[in-house]
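Single-letter residue listing:
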Amino acid sequence: MGLWRWRHNPLCRATDLVEAWVAFAALVLVCLAAPAAGWLTGAATHASLQQTARLQQAHRHPVTAEVLGPARGRDGVPRDPDASADHRMRKPVRAGWTAPDGTLRTGTVSVARQNAQPGDTVRIWTDDRGRPVNRPMDASTAREHAALAGAGVAVASAALVEGVRRLVVRQLTQRRYARLDREWARTGPDWGRTGAAG
């Protein structure tokens, strides 16, 4: 489609040639540049998330906490983005635990509903200072997030290229119509008149 515009043709207008070059450039960008942008973004995101995962694994510690009773408020409950599906199966409670430095801590944590009775023990994650945090990110989660970021950038880049191509083609089409209108205004009024050619 559109290959006829590349041939020497007396009907080929300058805008046809420009449109063919724009289509070719868009095809190259969609096939080469968009995947490259996605791969570079995915690689950079992967490196960053792997570093984050290593830091979290080094500075977050699993501890056993004892449920003390119902929570007074929702402050201090860490939100685990990977556990949003079972959010309804969890509830905030007051709990006590021993921090990595040996001090006793209490606070509000989110636990499974079946472990919500006073005296029950639950496993939670704390930082180096003993504050409750989300579980550390693992390598596979980091890979998944990086792949999604790369794919998103590739698709967005391809969509941007296609959007620019359509805008350029629209401008070229408007120029063609404007030129046709000018030609029609100059030639059209004489059509159909008897003896207009003579």
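Look up: the structure comes first, before these words.
Residues numbered from 1 in each chain as written. Predicted model: local features only at pLDDT ≥ 70, side-chain atom pairs only at ≥ 80, totals over all residues. Heavy atoms only, no water.

> How should the overall build of the protein be read in this particular structure?
Secondary structure summary: the protein contains two helices and five strands in total. Its helices and strands in sequence order give the protein the pattern α-β-β-β-β-β-α, from N to C terminus. The long-range share in the protein, meaning contacts at least 24 apart out of those at least 6 apart in sequence, stands at 67%. (Helix = DSSP H or I, 4+ residues; strand = E, 2+ residues; numbered from the N terminus. Contact = heavy atoms within 4.5 Å.)

> Would you explain the pattern of salt bridges in this entry?
Any two side chains of opposite charge can pair, given that their charged atoms come close. Applying the stated criterion across every chain yields a total of four salt bridges. Taking the shortest distance from any N to any O, the salt bridge between Glu19 and Arg176 comes out at 2.5 Å. With Glu19 in helix α1 (residues 14-59) and Arg176 in helix α2 (residues 139-187), this residue pair connects regions lying 157 residues apart in the sequence. Taken individually, Glu19 and Arg176 each receive the classification buried, so the pair is uniform in this respect. Here the salt bridges do not stand alone but share partners, grouping Glu162, Arg165 and Arg166 into one network. (Salt bridge = Lys/Arg side-chain N within 4 Å of Asp/Glu carboxyl O. Buried < 20%, exposed > 50% of the residue type's maximum accessible area, 1.4 Å probe, protein only.)

> Explain the packing of α1 against α2 to me, please; I cannot follow it from the model alone.
A pair of packed helices can be characterised by two numbers: the angle between their axes and the separation between those axes. As a packed pair, α1 and α2 sit with axes 7 Å apart at the nearest point and diverge in direction by 160 degrees. One finds that α1 runs roughly antiparallel with respect to α2. Our pair here, α1 against α2, has a crossing hand that is right-handed. (Axes fitted to C-alpha atoms, helices over the stretch in contact; angles between N-to-C directions. Parallel < 35°, antiparallel > 145°, perpendicular 65-115°, else oblique. Left-handed = near helix turned anticlockwise from the far one by under 90°.)

> Looking at this model, I keep getting lost on the sheet that holds strand β2 (residues 90-98). Mind explaining?
The strands that make up a sheet pair up through hydrogen bonds in the backbone, lying either parallel or antiparallel. Spatially, five strands are ordered β3-β2-β1-β4-β5 in an open sheet, and the strand pairing comes out antiparallel. Edge positions in the sheet fall to β3 (104-112) and β5 (132-133), since each has one partner strand and no second. In this sheet, β2 lies alongside strand β1 (residues 61-70) in antiparallel orientation, the contact comprising five bridges. Across the sheet, Gly69 pairs through a bridge with Arg94, a residue of β2. (Pairing = 2+ DSSP bridges.)

> Is there a simple way to think about the nonpolar core in this case?
It is characteristic of soluble globular proteins that their nonpolar side chains tend to be buried jointly. Formed by Val63, Ala65, Val67, Val93, Ala95, Trp97, Val109, Val111, Ala116, Val122 and Ile124, the largest nonpolar core amounts to 11 residues. Counting only elements with at least two residues in this core, the list comes to β1, β2, β3 and β4 (121-126). (Core = buried A, V, L, I, M, F, W, Y, C linked by side-chain atoms within 4.5 Å.)

> Quick question: what am I supposed to make of the environment of Ala34 here?
Residue position: Ala34 is located in helix α1. Sequence-distant contacts of Ala34, defined by excluding residues within four places in its chain, comprise Leu29, Ala154, Ser157 and Ala158.

> Help me understand a nonpolar patch on the surface in this model?
On the surface, Leu17, Trp21, Phe24, Val28 and Leu32 cluster together into a nonpolar patch covering about 490 Å² of accessible area. Position of Trp21 relative to the elements: it lies in helix α1. When its relative accessible area of 47% is taken as the criterion, Trp21 is described as partly exposed. (Patch = residues over 30% accessible without salt bridge, like charges linked within 9 Å, V, L, I, M, F, W, Y side chains within 5 Å. Areas by Shrake-Rupley, 256 points an atom, 1.4 Å probe, with all protein chains shown as cover.)

> What should I look at first to understand α2 in this one?
The terminal C-alpha atoms of α2 lie 72 Å apart, and with 49 residues this matches the ideal 72 Å at 1.5 Å per residue to within 8%. Buried residues in α2 make contact with α1. (Expected span 1.5 Å × (residues − 1).)

> Help me out: how do you make sense of the pairing of β2 in this one?
For a regular strand, the rule is simple: side chains alternate between the two faces of the sheet. Taken together, the nine bridges between β2 and β3 define a ladder with antiparallel strand orientation. Residue pairing for β3: Gly96 is matched across the bridge by Thr106. Between β2 and β3, which pair antiparallel one after the other, the connecting turn spans five residues, and Gly102 there sits at a positive phi close to 95 degrees.

> Any chance you could explain the environment of His145 here in plain terms?
Position of His145 among the secondary structure elements: in helix α2. Each C-alpha atom of the pair His145 and Thr45 lies 8.0 Å from the other, and the pair is 100 residues apart in sequence.

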